[in-house]
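Per-entry structural report
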Amino acid sequence: MRQHEIDAGARKAVFSPVDNRARVDAVVRRIGDAIDLGLLADGEQLPGESELAGRLGVSTVTLREALMALRQQGLVTTRRGRGGGSFVSLPEIPADDRLRSRLRGWSTEELRDLGDHWAALSGAAARLAAQRTEPADLQPLRRTAGELAEAGDTAARSRLYGRFHVELAAAAQSARLTREQVALQSEVGALLCLVLADDAYREEVAERHRSVISAVQDGAHETAGTLAERCVRESTARLVAVRLAL
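Presented here is a report on the structure given in the accompanying data block. Everything numeric in this text was worked out from a predicted model, so none of it was measured. (Residues numbered from 1 in each chain as written. Predicted model: local features only at pLDDT ≥ 70, side-chain atom pairs only at ≥ 80, totals over all residues. Heavy atoms only, no water.)

1. Regarding the environment of C231
- Within the element layout of this structure, C231 appears in helix α12 (residues 221-245).
- According to the relative accessible area criterion, C231 is buried, its value standing at 1%.
- Linking C231 and H209, residues 22 residues apart in sequence, is a C-alpha distance of 7.9 Å. (Helix = DSSP H or I, 4+ residues; strand = E, 2+ residues; numbered from the N terminus. Buried < 20%, exposed > 50% of the residue type's maximum accessible area, 1.4 Å probe, protein only.)

2. Quick notes on the pairing of strand β1 (residues 76-79)
- The pairing of β1 with strand β2 (residues 85-88) spans four bridges and is antiparallel. Note that in β2 the partner of T77 across the bridge is F87.
- Counting the residues that bridge the hairpin from β1 to β2 gives five residues, and of these G81 lies at a positive phi of roughly 85°. (Pairing = 2+ DSSP bridges.)

3. Regarding the side chain of R127
- Mapped onto the secondary structure, R127 falls in helix α6 (residues 108-132).
- By relative accessible area, R127 is classed as buried at 19%.
- Among the polar contacts made by the side chain of R127, one reaches the side chain of E222 at a distance of 3.3 Å.
- Setting aside chain neighbours within four positions, we find R127 in contact with H221, E222, G225, T226 and E229. (Polar contact = N/O pair within 3.5 Å; in protein donor to acceptor, adjacent residues only side chain to side chain. Contact = heavy atoms within 4.5 Å.)

4. A closer look at helix α9 (residues 175-188)
- For α9, built from 14 residues, the straight-helix expectation of 20 Å at 1.5 Å per residue is met to within 8% by its first-to-last C-alpha distance of 20 Å.
- Buried within α9 we find L177, T178, Q181, V182, L184, Q185, S186 and V188. (Expected span 1.5 Å × (residues − 1).)

5. Concerning the environment of R102
- Among the secondary structure elements, R102 is positioned in helix α5 (residues 95-103).
- Residue classification places R102 among the buried residues on the basis of a relative accessible area of 10%.
- Apart from the residues lying within four places of it in its own chain, the contact partners of R102 are R29, G32, D33, D36, Q73 and L75.

6. Structural notes on the nonpolar core
- Judged by nonpolar contacts, the single largest core of 50 residues is most densely connected at L103, W118, L168 and L239.
- At the level of elements, α5, α6, α7 (139-150), α8 (154-171), α9, α10 (193-196), α11 (199-217) and α12 are the ones that each hand at least two residues to this core.
- Element by element, the count of residues in this core is highest for α6, at nine residues.
- Sequence-distant contacts of L239, that is, excluding residues within four places in its chain, are made with L103, L111, V188, L191, L194 and V195.
- One finds V27, V58, L63 and V88 within the second-largest nonpolar core, a separate group that totals 20 residues. (Core = buried A, V, L, I, M, F, W, Y, C linked by side-chain atoms within 4.5 Å.)

7. Remarks on the packing of α7 against α8
- Two elements in contact, α7 and α8, have axes whose closest approach is 9 Å; the angle formed by their N-to-C orientations is 165°. Judged by the angle between their axes, α7 and α8 are roughly antiparallel. Pair α7 / α8 crosses with left-handed handedness. Where α7 abuts α8, its residues P140, L141, T144, E147 and L148 lie against R157, L160, R163, F164, E167, L168 and A171.
- Tallied by class, residues from the contact of α7 with α8 come to seven nonpolar, one polar and four charged. (Axes fitted to C-alpha atoms, helices over the stretch in contact; angles between N-to-C directions. Parallel < 35°, antiparallel > 145°, perpendicular 65-115°, else oblique. Left-handed = near helix turned anticlockwise from the far one by under 90°. Nonpolar A, V, L, I, M, F, W, Y, C, P; charged D, E, K, R; others polar.)

Here it is in structure tokens:
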């Protein structure tokens, strides 16, 4: 899967139907995280209300409540009249503060449950990739791991972390696993900024990713799966620790 296809998939996932639970909060979280990760750019116009509500699978009333909440957070501005609509607006509040505020909306049980789901996805993808992929197909993973090792910006680190797991699913030649990973990254990817700001941990993650690649290349499917699961579980545990400290 080419990089532009992965990026397009990530943007598409931003506007895919949200979970039935707490739909207003789900829309706010989805769009807010996409803004923090740079999937939606400053000044970018969002789709019209009817179209956006349809793509997210919510009512226009729910969407309007979510847009109001996003305006209150300074993430969206609305202009009336000709050429009007809702536009992405990067607020003056530091991203770190916004993300910590958003993390408070997650319980530790929800975070652990998400970590279990994510670990299962990545572990399965790594095992299948080790059985199915050719060495030449691992180049995107190597490039992403290398870029993560050098990334200085925390948002870039989070995008690269998420991209690695999406590319791992693509290497498994599983369209369903790839779609699941893209959707998961659009849900939680921005929160990883809170644990990847630490340079030492960034380097540790990059090394873990390289270990996964080596196991996949060697066809060691059980080792690859275990390493991928361990990487995700460690990140989730750190995110839970941040949540408990709030």
